[in-house]
Amino acid sequence: MSTLSWNCRGAGNPRTVRMLKDLVSKTKPEFVFLSEVKCSRAKVEDIKKKLGFDGVFFVDPVNFGGGLALFWNQKNSVQLLRFSRNFIDVVITLHGQAPWRLTGYYGYPERSRRKDSWELLHNLSTLSYLLWVVIGDFNDIRSQAEKSGGVRQNPALMRGFNAAIEVCGLSDIKLLGYPFTWERGRESGNLIEERIDRAMANTAWHDRFPEAKLFNEEVICSDHSALFLAPKQNSMYKRHCFRFENAWLYEADCRDRVTGGWQGDIDLPLPDRLKQCGSSLLRWGDELRNQFKQKIEECKVQIRRTKRRNDVDSVQAYKSAKSELETLLIQKDSYWGQRAKQLWLKDNDELLRPFVPEEVKAAIFSMHPDKSPGPDGFNPGFYQKFWGVVGPKVTASCLHWLNTGIFPAEINETTLVLIPKKSNPEYVYDLRPIALCNVIYKILSKVLANRLKLVLPRIISEQQSAFIPERMISDNVMLAFEVNHYLNRKTQGKTGYASLKLDMAKAYDRVEWKFLEEIMLKLGFAPQWIQLMMQCVSKAKYNIINGSHEVGPIIPQRGLRQGDPISHICS
């Protein structure tokens, strides 16, 4: 329900489009209202694609002036009521909520037509009894406090505007940030500033959204600020979700903060120790962020004083599958049975030897420091930089879990991020889920993966090119090309040939855990090793993040995580 409103003074300018994309990326609105677009319908359609919105309604400019556009990103949520060159009036119906009315408004800029603006506003107020909010450029102010510089506003104009607002049953939504939204004369030194952009709503709307906030978003390519209306903070959005930031490593007191947050009860389990340290770093990070924001505000004040503009910018046993795959019953004397016997005799002792500290350290330092963190917020860079502080506890805990074969459930919590496969995704299959696992879990699975790599060349046949060092998947491409070339050239003889291409869609998502367990048994892996593998696979718990929304937890019943170091080996 969040809305961004901006008098952009011409959307055909590439600089304006870039500014608009930055605003949308920052605020993530569900609706965007633009006035004075001054461009063609084709250009507005192009802007819709660049911003990633689903729909747009456009009012053509007149003589290269004016023009309105309303964008939205939820299909079947907007019903157009009426429009003119001064407004776009729609009803918004979101799933599970009562409908309400949104009007993007552009008052007449001519001083002689202010009365027409007030009459238009009054007429709009009589057309519906729904919850109503009006946002846009009104080209009017309500008091002398809403103007700075220049001559004083005509009191008759302010009285007329206030009377129209009262008759309409509207009241202002408080503006947060800089108090003025329009300026003129900065270059000449005769600066005039006014609050002519605003958002107003009727009493029913205010009662429905009592915590609504209106933010003044400063821009650099228009004489108008943008307004961002946020009716309600989404309850699923975690405002204080901890994420370790590698930029903190450059702060002089970062090591002291980590050491202080890590110390405490020596018997505290590692997951609890991480939460304790994360809470300490989160408070410190908020302090740094607030200091940074304060510096930005001070900079903005200084900029205005000097009349210049600037743009500041995540033991339970593995679960059995519901049905067993009968086709996996392979005879003892089969090809796979022979391989299983060979594996059992030669490799299980190596796989099951006690895990040592060097393996844990090698696993963490083989990760890129900037890899995305999991739900606990700590990335590899944190562990690598402060290994002298956190290493002993991390190593002891990891070795205990690996050697006992029992992993605590909380380390296997996973954040799923949905990456669009195309510009405007419409369906679930247009999104690629990427798993962001906790680094502690990645250490465990990477230690197991490093041991399993030694066995893979004897399990995976020579004809399968993936997952083995010094084998290239391009070899398969060349082989397929040669086969097709032979088939295309074969035009004689009684014997015919055919090629069949098999495409395994969503292969990671559809791996049955029972299949994985049974195939490892048939290959001859020891039960203790299989238990370790299934601890990695079957104890996952997902929280899905898309934009600022988090949904979960989701308990999977099958599938492997892309992003898990063990996944490409198991598949």
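Just above sits the structure.
The structure contained in this document is the topic of the report that follows. Predicted model only: the values in this text are computed from it and were never measured. (Residues numbered from 1 in each chain as written. Predicted model: local features only at pLDDT ≥ 70, side-chain atom pairs only at ≥ 80, totals over all residues. Heavy atoms only, no water.)

### Digging into the pairing of strand β3 (residues 55–59)
For clarity, the threshold we go by: Relative accessibility under 20% of the residue-type maximum defines a buried residue, over 50% an exposed one, and the middle range a partly exposed one, all with a 1.4 Å probe and only protein chains included. Put simply, DSSP H or I for four residues or longer makes a helix, DSSP E for two residues or longer makes a strand, and each gets a number counted from the N terminus. Here, strands pair whenever DSSP counts at least two bridges between them.
With 4 of its 5 residues buried, β3 lies for the most part within the structure. Summarising the sheet, β3 and strand β4 (residues 68–72) pair through 5 bridges and their orientation is antiparallel. Residue pairing for β4: G55 is matched across the bridge by W72.

### Remarks on the pairing of strand β1 (residues 3–7)
A regular strand carries its side chains on alternate faces of the sheet. Let me state the cut-off plainly: Handedness rule for crossovers: strands pointing away from the viewer, path from the first strand over the helix to the second running clockwise, crossover right-handed.
Of all 5 residues that make up β1, 5 are buried, and the element is covered over most of its length. Neither face of β1 is open: one carries T3, S5 and N7, the other L4 and W6, and all of them are buried. Taken together, the 4 bridges between β1 and strand β16 (residues 226–230) define a ladder with antiparallel strand orientation. Directly across from L4, in β16, lies its bridge partner F228. By the bridge criterion, 5 bridges tie β1 to strand β2 (residues 31–35) in an arrangement that is parallel. Note on β2: the bridge partner recorded for S5 is F33. Regarding the hand of the β-α-β motif, the stretch spanning β1, helix α1 (residues 14–27) and β2 is right-handed.

### Considerations on the sheet that holds strand β7 (residues 100–106)
Test applied: As a rule, the C-alpha atoms of each element are fitted with a line to give its axis, helices using only the stretch in contact, and angles between N-to-C directions run from 0 to 180 degrees.
Ordered in space as β5-β6-β7-β8-β14-β10, the 6 strands form an open sheet in which the pairing is mixed. Edge positions in the sheet fall to β5 (78–84) and β10 (170–172), since each of these pairs with one other strand and no more. Strand-to-strand twist across the sheet, computed as the mean angle between neighbouring axes with direction ignored, equals 20°. Sheet topology note: the β10/strand β14 (residues 197–202) ladder contains 3 bridges and is antiparallel. Pairing of D172 across the sheet is with M200, part of β14.

### Focus on the packing of helix α3 (residues 114–125) against helix α4 (residues 155–168)
Worth spelling out the cut-off: Geometric relationships in this document are graded by angle, where less than 35 degrees denotes roughly parallel, more than 145 denotes roughly antiparallel, 65 to 115 denotes roughly perpendicular, and other angles denote oblique. In this analysis, two residues are considered to be in contact whenever any of their non-hydrogen atoms come within 4.5 Å of each other. Throughout this entry, Asp, Glu, Lys and Arg are counted as charged residues, while Ala, Val, Leu, Ile, Met, Phe, Trp, Tyr, Cys and Pro are counted as nonpolar. The remaining residues, Gly among them, count as polar.
Between α3 and α4, the shortest axis-to-axis distance is 9 Å and the interhelical angle comes to 5°. It follows that α3 is roughly parallel to α4 by the angle criterion. Facing α3, whose interface residues are R114, W118, L121, H122 and S125, α4 presents A156, L157, G160, F161, A164, V167 and C168. Counted by class, the contact of α3 with α4 contains 8 nonpolar, 3 polar and 1 charged residues.

### Re the nonpolar core
What tends to happen in soluble globular proteins is that the nonpolar side chains get buried as a cluster. Selection rule: Here, the term nonpolar core denotes a set of buried Ala, Val, Leu, Ile, Met, Phe, Trp, Tyr and Cys residues that are joined through side-chain atoms within 4.5 Å.
In terms of nonpolar packing, the biggest core is built from 63 residues, with L281, F382, Y383, V394, I443 and F525 touching the most fellow members. Looking at this core element by element, the count peaks at 8 residues for helix α13 (residues 439–452). Listed in part, the 28 residues of the second largest apolar core include M1, F33, V90 and I92.

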